[in-house]
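# Architecture at a glance
What follows is each chain in one-letter form.
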Amino acid sequence: MPDTLTPVLSNTWDAPQSWKLATYEAQGGYAALRTALGMAPDDLITMVKESGLRGRGGAGFPTGMKWSFIPQDNPKPKYLVVNADESEPGTCKDIPLMMASPHTLVEGVIISSYAIRANHAFIYIRGEVLHVVRRVQAAVAEAYAAGHLGKNIHGSGYDLDVVVHTGAGAYICGEETALLEGLEGRRGQPRLRPPFPAVAGLYASPTVINNVESIASVPCIVSNGASWFSSMGTEKSAGMTLYSLSGHVKRPGQYEAPLGITLRELLDVAGGLREGSELKFWTPGGSSTPILTAEHLDVPLDYEGVGAAGSMLGTKALQIFDQTTSVVRVVLRWTEFYKHESCGKCTPCREGTWWLVQTLKRLERGEGQPGDIETLLDLCDNILGRSFCALGDGATSPIASAIKYFREEFEAGMHTPAAELFPYRASTAYAATVSA
Amino acid sequence: MTATNPPEAVETTLSETTWSELREIAARYPEARSGLLPMLHLVQSAQGRVTPEGIEACAEILGITPAEVNGVATFYTMYKRKPVGEYHVGVCTTALCAVMGGDEILARLQDHLGVGNDETTADGKVTLEHIECNAACDYAPVMMVNWEFLDNQTPDSAVQVVDDLRAGRPVTSTRGPRVCTWREAERVLAGFPDGRADEGPSGGPATLAGLAIARERGWTAPTAPELTAPESAQEATDA
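Cut-offs and rules
- Residues numbered from 1 in each chain as written.
- Chains lettered and ligands numbered in written order.
- Predicted model: local features only at pLDDT ≥ 70, side-chain atom pairs only at ≥ 80, totals over all residues.
- Heavy atoms only, no water.
- Helix = DSSP H or I, 4+ residues; strand = E, 2+ residues; numbered from the N terminus.
- Buried < 20%, exposed > 50% of the residue type's maximum accessible area, 1.4 Å probe, protein only.
- Contact = heavy atoms within 4.5 Å.
- Areas by Shrake-Rupley, 256 points an atom, 1.4 Å probe, with all protein chains shown as cover.
- Lys, Arg positive; Asp, Glu negative; His and termini not counted.
- Charge placed at Lys NZ, Arg CZ, Asp CG, Glu CD.
- Core = buried A, V, L, I, M, F, W, Y, C linked by side-chain atoms within 4.5 Å.
- Buried area = accessible area lost by both parts, 1.4 Å probe.
- Salt bridge = Lys/Arg side-chain N within 4 Å of Asp/Glu carboxyl O.
- Polar contact = N/O pair within 3.5 Å; in protein donor to acceptor, adjacent residues only side chain to side chain.
- Nonpolar A, V, L, I, M, F, W, Y, C, P; charged D, E, K, R; others polar.

Right, let's talk about the overall build of chain A for a bit. Assigned secondary structure in chain A consists of 19 helices and nine strands. Counting across all 436 residues of chain A, residues that qualify as buried make up 66%. Intrachain contacts of chain A at a sequence separation of at least 6 include 71% that bridge at least 24 residues. When the accessible area of chain A is evaluated, it comes to approximately 14200 Å², of which 53% is carbon and sulfur surface. Mean positive and mean negative side-chain charge positions of chain A (37 and 46 charges, respectively) differ by 5 Å.

Listed below in structure tokens is the structure:
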């Protein structure tokens, strides 16, 4: 039975200048690269498959299987693209990882590119995180200077170039085909699938797109073996992962633990909610995952456990809200986010999120009209499954789940402003005292 | 370059250097058009916004129409058509930050600076904008200055930050260096490093929260099998 917290990705973050190549190598960094270069690429794919690593960007698709979909008989170049466009509300794990240990990502990029036989890789970082961009740029430059990148890496005959690419402000570019559009210098709007990126991705060539944490998990698998990795976590959700606690908790932050830990266990470790707080609702994996309540404290936070509880593990972004919080207000603000970020390509999402915001605004002001709740649910029904990509689906998750658990608060929105029911000052991080 | 240095003048006409740097960006990619997003960041760095001239330059270098470049420039929120102040101050007002104080911080700054959303103070120093989730929820409420993190803000601390910026006093990111100007930041985003990656810590307290607890309690990931092999071999012999 592994310990409650199992720092692997985060294990070097407290070292002085943890982001430097010298620090990373002093702690064993880039040893996995040398091991990998001595292996056949297909054996690496098998190893990652056997480890049970699943995508850490939200969908949980098996990483090794994704790699194996690349048609190696396709004569076009193969590409690896790292999705470092972390933007899902609540999600804040890739940014600290790249800031503290960009070489974990860069080493993962080299091994993964070698496995899928790509000679060109791209790290697509959202533009709004300047210092993270600096750290990753510097890590890539250091890796070139050390011979970990470039031509004939460590005499293996393998060549790899890595480009650090910055986005320019668009949540939708976290959607993998929209990200490819952005990387091709176009408006970030999703593409129709099929063809899937594995067959026709960047420049219509076979492309693997993986989340930062997924790629950063590859070196430790190569170093320690697939069975070491799967000795952590649960049967179908193997390994350790970064859980991000935020909101009304005593010690918000990054907690690296085996998959399957519960929120109760995590809160226990982190000192619980802030003084006087009671858990009201929370997201297991960002705003696109249906909210849960105190009755779900013992749900195993793995792909299956959260799914069985009616939500999704998503990005393991645990946003915690206490009894001072108006659920109508929070849902409105998430919905405004989706409206703002809707790319406009498809009608259900573009128009639907606009109408959702109008209706929710009324309810927040206490000026809701009879039938508004039904209108919200009807709108959700017309967006979910009818939008071009998952952004529209995600927009409906907080609304439908909040009405399910807190319908009476939406009903109160017909006559009483949310700010009257839940004075907003009490929810702030700097509110002197918390009262029910 | 620090916050107290006078900013370099805006290029009223794109310089030869900027033209060649735009070409340099396009050349980083297997297909030149991939360079468009960073190229537009460079245009903003040179001219303080996305200018018609900058759009024409990108179009000419990439062999596409200005309308195509324009379509891209209007899609992404970081590209600005109006001149941006020396400091872009973004207050996160997505749900969690809003609840934790972001709404109050934004309202207070709008009142204090006398500007609305996406507007710049008359002295040209500060452009204020409400922004969407910036992936720092464990530091809520969060404010960004020229896309550097200013974590765990209060209305008072936020006012202090903008007052310091307007007075030319240095402001340092809670997880990064002393903030540079917006145009200098845009240059880094265009892929021209400023050599300041080593400033600032590896992370803030929230980044290290779980690791610190693991260290206190002696918790670690399982040891790799190679390292435990001799032990299990010993056990096998004993058995």
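After presenting the structure, the write-up continues.
Ranked by internal contacts, the top residues of the largest apolar core, which has 202 residues, are A:Ile123, A:Ile125, A:Leu263, A:Phe410 and B:Tyr76. Beyond its immediate chain neighbours, meaning those up to four positions away, A:Phe410 contacts A:Val327, A:Val328, A:Val331, A:Leu360, A:Leu363, A:Ile373, A:Leu376, A:Ala402 and A:Ile403. B:Leu113, B:Val162, B:Leu165 and B:Val179 belong to the second-largest nonpolar core, a separate cluster that totals 20 residues.

By a frequent convention, interface size equals the accessible area lost on bringing the separate parts together. Listed by partner, the interface residues are 91 residues for chain A and 84 residues for chain B. On the chain A side of the interface with chain B, the three residues burying the most area are A:Leu130, A:Arg134 and A:Tyr430, jointly 10% of the side's total. The tally of links from chain A across to chain B stands at seven salt bridges. The partner of A:Arg329 in a salt bridge is B:Asp103, and the shortest N-O contact between them spans 3.0 Å. Seen at the junction of chain A and chain B, the total is 40 residue pairs in polar contact (both at pLDDT 80 or more). Considering only residue class, the side of chain A that touches chain B consists of 40 nonpolar, 34 polar and 17 charged.

Quick look at the pattern of salt bridges now. Considering all chains together, one arrives at 42 salt bridges over all chains under this definition. B:Glu148 is paired through a salt bridge with A:Arg134; the nearest N and O atoms lie 2.9 Å apart. Separated into two different chains, B:Glu148 in strand β5 (residues 148-150) and A:Arg134 in helix α7 (residues 130-145) make up a pair that spans both. An identical accessibility class is assigned to B:Glu148 and A:Arg134; each is buried. We note a salt bridge from A:Arg425 to B:Glu104, for which the minimum N-O separation is 3.4 Å. Note that A:Arg425 is positioned in the segment after α19 (418-421) and B:Glu104 in helix α5 (residues 95-113), a pairing that runs across two chains. With a relative accessible area of 49%, A:Arg425 lands in the partly exposed category. Exposure remark for B:Glu104: the relative accessible area of 29% places this residue in the partly exposed category. Several salt bridges share partner residues, and in doing so they unite A:Arg56, A:Lys93, A:Asp94, A:Glu213 and A:Lys316 into one network.

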